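Spelled out from the first residue to the last, the chains are:
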Amino acid sequence: MRYTILFSIFLLLQFVGCKKNKFSTTPSLKFESVNTTQLHNQQLIRFSLSFTDAEGDLTDSIFVQEIVPNCAGSNIEGLFPLPGFPTTKDQKGGITITFGYNASGYTSVSPQCPPENDTAVFRFALKDKAQHVSDTVSSPVIIIYN
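What follows deals with unusual backbone geometry. Of note, the phi angle at asparagine 102 is positive, near 60 degrees, even though the residue is not glycine. Take asparagine 102: it is sitting in the loop between β6 (91-100) and β7 (118-128). Although it is not a glycine, glutamine 131 sits at a positive phi angle of roughly 70 degrees. Topologically, glutamine 131 is positioned in the loop between β7 and β8 (137-138).

Dropping the structure here:
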């Protein structure tokens, strides 16, 4: 009898756990990949991220910050527009962000750094319309060759 009650409680907890919503009110952001970790002149760098949001109410932009230790003041930092997409509850999707290194038509990484090799790390964050901010995710170290 005692084992039957314990087994029943266990099954009930498993059932409730399986029905739990896996999407959070606060947006979730995950770094997936980058096309290169060694960036040369005239080359593009593409970051792939994934996100989830329970309400599907993301703002229309993503925060991006480039941190280059030997090039303070000329790094990328700010909001970059997201393309329009349909919003739904329990939203899940992918984001690709592309920058160029002295490549025309793209926002340039480290645009005014001295002519020496350096490293950079890129950080990303999302915000929803209720002002909930995702965790900040970071890229691996990117080597920038001048």
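Quick look at the environment of valine 121 now. By the secondary structure assignment, valine 121 is in strand β7. Between the C-alpha atom of valine 121 and that of isoleucine 67, which follows or precedes it by 54 residues, the distance is 5.3 Å. Those residues within four positions of valine 121 in sequence are excluded, and the remaining contacts are Gln65, Glu66, Ile67, Ser138, Ser139, Pro140 and Val141.

Cut-off values and rules
- Residues numbered from 1 in each chain as written.
- Predicted model: local features only at pLDDT ≥ 70, side-chain atom pairs only at ≥ 80, totals over all residues.
- Heavy atoms only, no water.
- Helix = DSSP H or I, 4+ residues; strand = E, 2+ residues; numbered from the N terminus.
- Contact = heavy atoms within 4.5 Å.

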